[in-house]
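If you want the building blocks of each chain, they are given just below.
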Amino acid sequence: MGTLYLVPTPVGNMEDMTLRAIRILKEADLVLCEDTRTSGILLKHFEIKNRLMSHHKFNEHASSAGIVNRLKAGETVALISDAGTPGISDPGFFLAREAAANGITVQTLPGATAFVPALVSSGLPCDRFCFEGFLPQKKGRKTHLESLAEETRTMIFYESPYRVVKTLEQFAEIFGTERQISCCREISKIHEESVRGTLAEVIAHFKETEPRGEFVIVVAGKEKIKSSDRKKQTDKNNNV
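Residues numbered from 1 in each chain as written. Predicted model: local features only at pLDDT ≥ 70, side-chain atom pairs only at ≥ 80, totals over all residues. Heavy atoms only, no water.

Novice: I'd like a rundown of the packing of helix α3 (residues 60-72) against helix α4 (residues 93-101), residues and numbers included.
Specialist: With their axes 10 Å apart at the nearest point, α3 and α4 run at an angle of 40 degrees to one another. Between α3 and α4, the angle falls in the class oblique. Helix-helix and strand crossings are classified by hand; for α3 and α4 the assignment is right-handed. Only Phe 94, Leu 95, Glu 98 and Ala 99 of α4 make contact with α3, whose side of the interface consists of Glu 60, His 61, Ser 64, Ile 67, Val 68 and Leu 71. Classifying every residue of the contact of α3 with α4 gives six nonpolar, two polar and two charged. (Axes fitted to C-alpha atoms, helices over the stretch in contact; angles between N-to-C directions. Helix = DSSP H or I, 4+ residues; strand = E, 2+ residues; numbered from the N terminus. Parallel < 35°, antiparallel > 145°, perpendicular 65-115°, else oblique. Left-handed = near helix turned anticlockwise from the far one by under 90°. Contact = heavy atoms within 4.5 Å. Nonpolar A, V, L, I, M, F, W, Y, C, P; charged D, E, K, R; others polar.)

Novice: Which residues make up the pattern of salt bridges, and what values go with them?
Specialist: Here the structure, examined in full by the defined rule, presents twelve salt bridges. Among the ionic pairs, Lys 207 bridges to Glu 169, the shortest N-O distance being 3.0 Å. You can see Lys 207 sitting in helix α8 (residues 199-208) and its partner Glu 169 sitting in helix α7 (residues 164-175), a full 38 residues away along the chain. On the basis of relative accessibility, which here comes to 57%, the residue Lys 207 falls in the exposed class. Lys 189 is the partner of Glu 186 in a salt bridge, and the nearest nitrogen-oxygen pair spans 3.8 Å. Overall, the relative accessible area of 16% leaves Glu 186 in the buried class. Linked by salt bridges that have partners in common, Arg 141, Glu 159 and Arg 163 make up one network. (Salt bridge = Lys/Arg side-chain N within 4 Å of Asp/Glu carboxyl O. Buried < 20%, exposed > 50% of the residue type's maximum accessible area, 1.4 Å probe, protein only.)

Novice: Report on the layout of surface pockets, specifying residues and quantitative values.
Specialist: Considered as a void within the structure, the largest pocket measures approximately 510 Å³ in volume. What lines the largest pocket is a set of 22 residues, among which Val 11, Ala 83, Ala 114, Tyr 158 and Glu 214 lie closest to the centre. If you list the elements that add at least two residues to the lining of the largest pocket, you get β7 (154-159) and β10 (215-219). The computed volume of the second largest pocket comes to approximately 420 Å³. In this structure, the second largest pocket is lined by 19 residues; those nearest its centre are Lys 57, Ser 89, Asp 90, Pro 91 and Phe 134. No other element matches strand β6 (residues 129-134), which puts three residues into the lining of the second largest pocket. Grouping the constituent residues of the lining of the second largest pocket by class yields five nonpolar, six polar and eight charged. (1 Å grid on protein atoms, 1.4 Å probe; cavity = no way out; pocket = protein on both sides within 12 Å on 5 of 7 lines; lining within 4 Å. Points joined across faces, edges and corners; volume = space filled by probe spheres on them.)

Novice: An account of the sheet that holds strand β4 (residues 77-79) is requested, with residue identities and associated values reported.
Specialist: In spatial order, the strands read β3-β2-β4-β1-β5; together these five strands make up an open sheet with parallel pairing. Strands at the two margins of the open sheet, each flanked by one partner only, are β3 (52-54) and β5 (105-108). Sheet twist, expressed as the mean angle between neighbouring strand axes with direction ignored, is 25 degrees. In terms of strand pairing, strand β1 (residues 3-6) meets β5 through four bridges, oriented parallel. Paired with Leu 4 across the bridge in β5 is Val 106. In the packing of helix α2 (residues 36-45) onto the sheet, the strands contacted are β2 (30-33) and β3, and the crossing angle to β3 comes to about 155 degrees. On the sheet, α4 packs against β1, β2, β4 and β5 and is oriented at approximately 155 degrees with respect to β1. (Pairing = 2+ DSSP bridges.)

Novice: Which residues make up the pairing of β7, and what are the values?
Specialist: Looking down a regular strand, the side chains alternate between one sheet face and the other. Summarising burial for β7: six of the six residues are buried, a large majority. Pairing of β6 with β7, which is carried by five bridges, proceeds in the parallel orientation. Across the sheet, residue Cys 130 finds its bridge partner in β7, namely Met 155. With helix α6 (residues 141-147) bridging β6 and the parallel β7, this β-α-β connection has right-handed handedness. Where β7 and β10 come together, five bridges link them in antiparallel fashion. Paired with Phe 157 across the strands is Ile 217, a residue of β10. (Right-handed = clockwise from strand over helix to strand, strands pointing away.)

In structure tokens:
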């Protein structure tokens, strides 16, 4: 049996690539990627001369069976995405599941992913959080957001610059304009920036300043009501 490696690649700065990731990509019998043009630039930068094969959301179901057969035959296969860790809002889950189901070793290297630095630098609680990734663009979007109205954990979303303001306005409708958030863009790149404040403040900022780059939006969870405050409110209601 071979081994399937899920290899994180830089989300911005090329220096975020690990030495182990470079070695695996050099030694693998095959490197799977979303876009051979994008990954070709990465491999050239690190002087990695290896074969690239497309594996993306449009062909992953059809191509996974053949890849699993190659792994069964003893080949080492590395999977990368255009940026970040495979499987996190990128292809990876399906192939990893199929490989594991066939008794193949699946190893994921630690490395770059956009939401972790955005969460940790947000100033919002990061001991408990939920990752929501990209919201549905149309069908089910409002319903999904409404299902998060009572969520007390910090929430993390991915968004494109073209929908940031619309998404923030939808957040304000569901979570309230005073909910604390942090909008982090261009993580690990030259123009990295975090805009923090209430939803009302951050919406106003991006209506004046055009959003640019890919965004990670970190939203505070609903504040828990302390038992003492709940008792006071109950007593108040009983006295009315």
